[in-house]
Amino acid sequence: MIDILSLELSDIEQALLDLGEKKYRAKQIFVWLHKKQAVTFDEMSDLPEALRVKLTQKYTISRIFPQTVLTSRKDDTAKILYCLPDNEHVETVIMRYKYGDTLCVSSQVGCKMGCVFCASGKAGFVRNLTAGEILSQIYETERVTGRVVHNLVMMGIGEPLDNYDNVTKFLRILAHKDGRQMSHRHVSLSTCGLADNIERLSAESTGLTLSVSLHAATDSQRDEIMPINKKYNIARVITACNNYNKVTGRRISFEYAVTNGFNDSDADAKRLAALVKPLGAYVNVIPVNKIRGRENVGGGNAAAFRDKLLLLGVTATVRRTLGEDIEAACGQLRANTENI
Ligand code: SAH
């Protein structure tokens, strides 16, 4: 069985031709899947019954199912643990902002990157999500919560640029005029700095906002907390960001999670400013969220570090923490469920 939710319009057109059907039917199906968010072929009332039967013999519309829904009593953040068709789990978080709801989606089950402060990669990598499974996090969350997703952040479980083909396919389906039609201007993608794929992404002219998780301003510090720095060091990441910036015209944002006494000194702020100012980039300072089993990492003063950056002329903000009472930081709910 092929998951039709993961197919682009051109793939569905080819599939219809292969079934001996008219190509224009593909657009009807695509609209049903992505605009009307049908979950069965039966609902597709403008398709002949014979075609619907043929489709069910070869294709499925894969679904993910909410297993746990936690809603914060403080701020309306809802976190959903989804069960995938193979019983794996991922997390999705919906957050309320003044300008509309933002959804944080996962791109992989687990993660290969092994950042020491992060819950998502603690038990390693299981598999990539398909384009359909990433889309389903939007469609199902809208169904489950009755809320409408205005903005999307790819900051859930996984490293999106390590699942490059499925993620870029997801982005094309997401923005398609016959589908959900979400402009990439409403999408932010966060990466730990896979420089080669940042460069590949520049060429796709998606218009999304790229966030790069830097978290340290020297290679020796970054090596300690992010193993990927051994492959793509800070200089290489900055070159890729520079390239992304030039090709797309989009301003990059850097994420910097502060830990007391590790990366929050005046000298750290100066080194960080020297890296990001030439790019005109801005910095999102995050207080490190302590995770189970790694209690020694964390507890930085984000506002104080932001102020240091502001004094150095860097545009910097502190990321608002939402859903603290429901373990809304990435990977924590899955980790607890799977006892990782
Ligand atoms: N793989 C992507 C997206 C992952 S999570 C990336 O690395 O960017 C989104 C952000 O949360 C990243 O900046 C990540 O480094 C950060 N993060 C992960 N665990 C955290 C924790 N315990 N406290 C604070 N930030 C954390």
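Summarised in this report is the structure supplied together with it. (Residues numbered from 1 in each chain as written. Predicted model: local features only at pLDDT ≥ 70, side-chain atom pairs only at ≥ 80, totals over all residues. Heavy atoms only, no water.)

### Structural notes on the side chain of N197
- Tracing the backbone through its elements, the reader meets N197 in helix α6 (residues 195-202).
- Classification of N197 by relative accessible area gives buried; the value is 15%.
- Beyond its immediate sequence surroundings of up to four residues, N197 is in contact with L161 and Y164. (Helix = DSSP H or I, 4+ residues; strand = E, 2+ residues; numbered from the N terminus. Buried < 20%, exposed > 50% of the residue type's maximum accessible area, 1.4 Å probe, protein only. Contact = heavy atoms within 4.5 Å.)

### Considering the nonpolar core
- Membership of the largest hydrophobic core comes to 96 residues, with the highest contact counts inside it found for L152, F170, F254 and V283.
- With residues near it in sequence (within four places) discarded, L152 still touches L103, V105, I138, F170, L174, M182, H186, V187 and S188.
- Ranked by size, the runner-up nonpolar core spans five residues in total, among them V93, M95, C104 and M155. (Core = buried A, V, L, I, M, F, W, Y, C linked by side-chain atoms within 4.5 Å.)

### Quick word on the site of the ligand
- As a structural note, the neighbourhood of the ligand is formed by 18 residues, with F117, S190, S213, H215 and N289 the closest of them.
- One of the backbone N or O atoms of F117 is found 2.9 Å from a nitrogen atom in the ligand.
- Considered on its own, the ligand offers 530 Å² of accessible surface; in the complex 93% of this is hidden by protein.
- Elements represented by at least two residues in the shell around the ligand include exactly β10 (187-191) and β13 (282-287).
- A class-by-class count of the residues in the shell around the ligand yields nine nonpolar, seven polar and two charged. (Near = heavy atom within 4 Å. Polar contact = N/O pair within 3.5 Å; in protein donor to acceptor, adjacent residues only side chain to side chain. Areas by Shrake-Rupley, 256 points an atom, 1.4 Å probe, with all protein chains shown as cover. Nonpolar A, V, L, I, M, F, W, Y, C, P; charged D, E, K, R; others polar.)

### As for helix α3 (residues 49-58)
- Within the span of α3, buried status applies to L51, R52 and L55. All buried residues of α3 fall inside an arc of 100° around its axis, so they share one side. Facing away from the buried side of α3, by more than 90 degrees, are the exposed residues E49, A50 and Q57.
- Where α3 is buried, its residues touch α1 (9-18), α2 (25-34) and β2 (59-60). (Arc of directions from axis to C-beta.)

### Remarks on the packing of aromatic side chains
- Counted by the stated rule, this structure contains two aromatic pairs.
- Ring geometry for Y97 and Y99: centres 5.6 Å apart, planes at 10°, overall stacked.
- Residue class for Y97 comes out partly exposed when judged on its relative accessible area of 21%.
- Measuring from ring centre to ring centre gives 4.8 Å for Y256 and F305, while their planes differ by 5°; the resulting arrangement is stacked. Taken together, the residues span a long stretch of sequence, with Y256 in strand β12 (residues 253-258) and F305 in helix α10 (residues 302-311) at a distance of 49 residues.
- On the basis of relative accessibility, which here comes to 0%, the residue Y256 falls in the buried class.
- The residue whose ring lies beneath K36 is W32, and the NZ or CZ to ring-centre distance is 3.8 Å.
- The cationic tip of R200 hangs over the ring face of Y164; the distance from NZ or CZ to the ring centre is 3.9 Å. (Phe/Tyr/Trp six-rings, centres within 6.5 Å; stacked < 30°, edge-to-face > 60°. Lys NZ or Arg CZ within 6 Å of the ring centre and 35° of its normal.)

### Let's talk about the pairing of strand β6 (residues 100-104)
- Counted residue by residue, β6 has five buried out of five residues, so it is predominantly covered.
- Sheet analysis places strand β5 (residues 89-97) next to β6, joined by five bridges and oriented antiparallel. Opposite Y97, over in β6, you have G100 as the bridge partner.
- The antiparallel pairing of β5 with β6 creates a hairpin that spans two residues between the two strands.
- Direction of pairing for β6 relative to strand β9 (residues 149-154): parallel, over a ladder of four bridges. The residue of β9 that forms the bridge with C104 is V153. (Pairing = 2+ DSSP bridges.)

### A look at α10
- When α10 is considered as a whole, its buried residues turn out to be A302, F305 and L309. Within α10, the buried residues cover an arc of 70° as seen down the axis, which keeps them to one side.
- Turning to α10, the residues buried within the fold contact β12, α9 (266-276), β13 and β14 (316-318).
- G313 sits one or two residues past α10 and shows a positive phi near 85°.

### Examining the pairing of β12
- Burial within β12 is extensive, with six of its six residues counted as buried.
- Neither face of β12 is exposed, since S253, E255 and A257 on one face and F254, Y256 and V258 on the opposite face are all buried.
- As paired strands, strand β11 (residues 209-213) and β12 are joined by three bridges and run parallel to one another. Paired with S211 across the bridge in β12 is S253.
- Judged from the six bridges that link them, β12 and β13 form a sheet pairing that is parallel. Of the residues in β13, the one forming a bridge with Y256 is V285.
- One crossover worth recording links β12 to the parallel β13 by way of α9, and it is right-handed. (Right-handed = clockwise from strand over helix to strand, strands pointing away.)

These figures capture arrangement, not role.
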